[in-house]
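Here is how the chains run, residue by residue.
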Amino acid sequence: MASAQLSPTFYSSTCPKALSTIKAAVDSAVSKEARMGASLLRLHFHDCFVNASFRSLGCDGSVLLDGSSGEKSAGPNANSLRGFKVIDTIKSQLESLCPGVVSCADIVTVAARDSVVALGGPSWTVPLGRRDSTTASLSAANSNLPGPGSSLSALITAFSNKGFTAKEMVALSGSHTIGQARCTNFRNRIYNEANINSQFATSVQANCPSSGGDNNLSPLDVTSPTTFDNAYFKNLQTLKGLLHSDQQLFNNGSTDSQVNTYSSSSATFFTDFANAMVKMGNLSPLTGTNGQIRTNCRKAN
C-alpha cells in the first residue's frame, strides 16, 4: 500500500523546521481571516478527491497547478477555491530553508490539519513524503467532487468510490462547521425546499436574493461559523443545513443516527474526523520516484 511509504518523521533530518514553518504561516493567515482556515481545509479535500493521473488517486498538489485545463477552472472549484497565496507563501519560505525538499502536496495536507487546530478542532499526526503531480485533470475534478445539490445516495457513492464508509463521509462533512458558501449553491434550498427551518430560510434569504447576488456568502454553520465544533450536526437536527447536500445527512435516512451521535458528542466527532482526515491524506499518494518536488506550486518544474 502506497501510504506505508509515508512517515510522520519524513522531514526530520532534511527539513526539521518544515512543520513549524507551515504552522506559523497558517496561524498567521487564519488570525487575519478565520475563513482562510476553512479554505485551506477545502483545498486539501479538493486535491485528494481528484485523479491527476492514472498512477495517482489523490493528494498530489494537482489542484494548485495553474492553467485553463487544470482543476482550478472546474465547476466545483472556479470562483470558490481559495488559499493559493497562503500555500505560495509557505512554499517560498520552505524553499529558502531547504530547497527542493518539501512537496506542495505535503504543505496542503499539513496546512489543512493546522487550520482545523487553529479554529479549535482536533489535531492528528500527518504522515509525510508525498510528491507532486506534474499534471491536473479538469474532467476528473468535474466528475469526482460531490456537489452541493447531491442526494444522500450520491454522497455515499462518491465517498465509497474513494474507499470511505458512510460514517466517514458524515464525519468529513462536519468540516462544514467552518467556512462559507456562495448564494448560487444554496438558493434553491432556501426558496424551494420544505425540510428547512422557516426562520433560518428567511434569515439567509436576506443575503441571497431569488435572483442575482450569486457570490454573496453565508456561513455553512450559522451557530459558530469560525469555530471547529459539532454545531453543524446540531443545526442539521433543527433543519438548518445550508446546502441541500448538508441536510441530506439528516432527512429520515440511513445517516440520521450518525448525525445524532456527533451532535451529542463532540469528542466522538473529533476522533472520527481526525481518523478520516488521515485516511484521506493517504489516498494513493505519489511517493518515491513518482512525481516531483515542485519549486513553484503553480507549475511543474
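The rules behind these values
- Sequence order as written defines residue numbering, which begins from 1 separately in each chain.
- Given that this is a predicted model, residues contribute local features only at a pLDDT of at least 70 and side-chain atom pairs are listed and counted only at 80 or more, while totals for whole chains, interfaces and linings are drawn from all residues.
- Heavy atoms throughout the structure, all of them, feed into the side-chain values; hydrogens and water do not.
- UniProt positions are given in the numbering used here, feature names are shortened, and annotations may be inferred rather than shown by experiment.
- Where helices and strands are cited, they refer to DSSP runs of H or I of at least four residues and of E of at least two residues respectively, numbered from the N terminus.
- A 1.4 Å probe rolled over the protein chains alone gives each residue an accessible area, and that area as a share of the maximum for its type sets the label: buried under 20%, exposed over 50%, partly exposed in between.
- In this analysis an axis means a line fitted to C-alpha atoms, helices contributing only their contacting stretch, and an angle means the value between N-to-C directions, from 0 to 180 degrees.
- Oblique is the label for every angle not falling under 35 degrees (roughly parallel), over 145 degrees (roughly antiparallel), or within 65 to 115 degrees (roughly perpendicular).
- Two helices that cross are described as forming a left-handed crossing if the nearer one is turned anticlockwise from the farther one by less than a right angle, and a right-handed crossing if clockwise.
- Any two residues whose heavy atoms approach within 4.5 Å at even a single point are treated as in contact.
- Classification convention: Asp, Glu, Lys, Arg as charged; Ala, Val, Leu, Ile, Met, Phe, Trp, Tyr, Cys, Pro as nonpolar; all other residues, Gly among them, as polar.

Identification of the protein as Peroxidase from Actinidia rufa is taken from an unreviewed UniProt entry. Regarding the protein, the relevant UniProt record gives this comment under Function (unreviewed entry): "Removal of H(2)O(2), oxidation of toxic reductants, biosynthesis and degradation of lignin, suberization, auxin catabolism, response to environmental stresses such as wounding, pathogen attack and oxidative stress." Turning to the protein, the UniProt annotation filed under Subcellular location (unreviewed entry) states: "Secreted".

With respect to the UniProt feature "binding site: Ca(2+) 1" (unreviewed entry) in the protein
Sequence positions flagged by UniProt for "binding site: Ca(2+) 1" (unreviewed entry) are, in local numbering, Asp 47, Val 50, Gly 58, Asp 60, Ser 62 and Glu 71. Across 25 residues in sequence, these annotated residues keep their C-alpha atoms within 12.7 Å of one another, forming a single compact spot. Relative to the helices and strands, Asp 47 is located in helix α2 (residues 35-48). Given the relative accessible area of 0%, Asp 47 is considered buried. Assignment of secondary structure puts Val 50 in the loop between α2 and α3 (84-97).

Remarks on the packing of helix α1 (residues 18-32) against α3
Two elements in contact, α1 and α3, have axes separated by 10 Å at closest approach and are oriented at 150 degrees. Taken together, α1 and α3 sit at an angle that is classed as roughly antiparallel. The hand of the α1/α3 crossing is right-handed. In this structure, α1 contributes Ala 18, Thr 21, Ile 22, Ala 25, Val 26 and Ala 29 to the contact, and α3 contributes Val 86, Ile 90, Gln 93, Leu 94 and Leu 97. Looking at the contact of α1 with α3 residue by residue, the class counts come to 9 nonpolar, 2 polar and no charged.

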